[in-house]
Amino acid sequence: MVTPFDAQLRVDEDGTVRLANHLVAHGSDGLVVCGTTGEATTLTDVEHLRVIELVVAELKGRATVVAGVGSNDTRHAVHLTEKATELGADALLHVTPYYNRPNRRGIVRHFEEVAKATDKPIVLYNIPARTGTDMPNDLLAELAQIDNVTAVKQANPDNLAPVDGLELYAGNDDMLADVLDLGGAGGILVASHVVGEQMRRMVDEPDNRRTIDASLQDVYAAMGATTNPIPVKAALNLLGHAVGGLRLPLVEADEHELAIVRRALESHGLLATASA
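Residues numbered from 1 in each chain as written. Predicted model: local features only at pLDDT ≥ 70, side-chain atom pairs only at ≥ 80, totals over all residues. Heavy atoms only, no water.

**Student:** Explanation requested: the sheet that holds strand 6 (residues 167-170) in the structure shown.
**Tutor:** What the 7 strands build is an open sheet, ordered 1-2-3-4-5-6-7; its pairing is parallel. Two strands close off the open sheet at either side, each with one partner strand: strand 1 (30-33) and strand 7 (186-187). Note: strand 2 (residues 64-68) against strand 3 (residues 91-95), 3 bridges, orientation parallel. Among the inter-strand pairings, Ala 67 is bridged to a residue of strand 3, identified as Leu 92. (Pairing = 2+ DSSP bridges. Helix = DSSP H or I, 4+ residues; strand = E, 2+ residues; numbered from the N terminus.)

**Student:** What is the right way to read the side chain of His 110 from this model?
**Tutor:** Looking at the element boundaries, His 110 is found in helix 4 (residues 104-116). Take His 110: its relative accessible area is 3%, and that puts it in the buried class. With sequence-adjacent residues up to four places away left out, His 110 is seen in contact with Ser 71, Thr 74, Ala 77, Val 95 and Pro 97. (Buried < 20%, exposed > 50% of the residue type's maximum accessible area, 1.4 Å probe, protein only. Contact = heavy atoms within 4.5 Å.)

**Student:** Please clarify how unusual backbone geometry should be interpreted in this entry.
**Tutor:** Of all residues except glycine, most have a negative phi; of all peptide bonds, most are trans. A cis amide bond links Asn 228 with the next residue in sequence, Pro 229, at an omega value of 10°. Tracing the backbone through its elements, the reader meets Pro 229 in the loop between helix 10 (217-223) and helix 11 (230-238). In this chain, Leu 248 is followed by Pro 249 through a cis amide linkage whose omega measures 15°. In this fold, Pro 249 is placed in the loop between helix 11 and helix 12 (255-267). You will see that Cys 34, though not glycine, has its phi angle at about 60°, which is positive. Considering the arrangement of structural elements, one finds Cys 34 in the loop between strand 1 and helix 2 (45-59).

**Student:** Any chance you could explain the pairing of strand 5 (residues 149-154) here in plain terms?
**Tutor:** Moving residue by residue along a regular strand, the side chains alternate between the two faces of the sheet. Taken across its 6 residues, strand 5 has 5 buried, putting it largely inside the fold. Of the pairings in the sheet, the one linking strand 5 to strand 6 comprises 4 bridges and is parallel in character. By the bridge assignment for strand 6, Gln 154 is matched with Ala 170.

Function cannot be inferred from these measures alone, as they are strictly geometric.
Below you can see the structure in the form of C-alpha cells.
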C-alpha cells in the first residue's frame, strides 16, 4: 500500500485509513504497509510505526496486515520487528539487506537475528534490482529452516520456482499469473491499487486467469512507467483517492509518464467511473 501524504508531505492518517479500507473492499485479502511502495525509506521510525498501528487497528480481524520492517542495519531491522510485533501486525516483510551487500553467511545471520525478535511469520523479499544482492533459491531454502521464516516475495523472475518450506508470492504484477500457476499463495502487488478486483479474479477464476492477465498488461506497464511508487500515486490521485505527492528523492510523474498512466486508466474505463 502507498503511504498517503498531505500537502506538506506529512503522513495523512485519515487518508491512510480510507485507502486501507478501499483496497480491502476491492479485492485485497490483506495489505503490506511500509514497504517499497509505501516509501518506507523516507519515513521516520515514528511515522513508520504509526502507519502500522493505524492499519492494524482499522483492519484487525478483517484483513491481514503485513508490516514492512526491513533494513540494511540488522539492529534497526530487529527494533522495527519488535515494535511491529507489539503493534499487532499479522506478519512481517523483510527485504535482503541493501547497499552494504552482505555475503551469504551475513544474510543468514541477519535473518536469524530478526527471526529471534518475533513470533510472527516472516516473509522474505528478494528484489535484487533494488538491493544489489540476489537470494538464489538454494539460499531461500536454507533460510526457510529458520523458525518463523515462512514465505518469499519473489521479485526476480529468473528465480521463479517453488522453494521448499516457503509459500511463494509474486513480487511483480506481471508475475502473478505464473506464480498462481505454480501453486503459489498470491502476490504482493502494485497494480492491485487500481485493478484489484480483476487481479482477485485471477486467483478465484483459474480458467480465466491468462485472459485476465493479458487484459491487464497495459496497467502493469503503466505502473512501471517510472520508479515505483511514482506511477501508482499518480493513478490514485487521478482516480480521486488523494494520496498526495512523494518525498525526495522521488519526484512527481512528468507529463509523458502521467499520460501513460492516464491512457491505461482510460482504456479500462476507470477514469469515467471515478468522475461519474
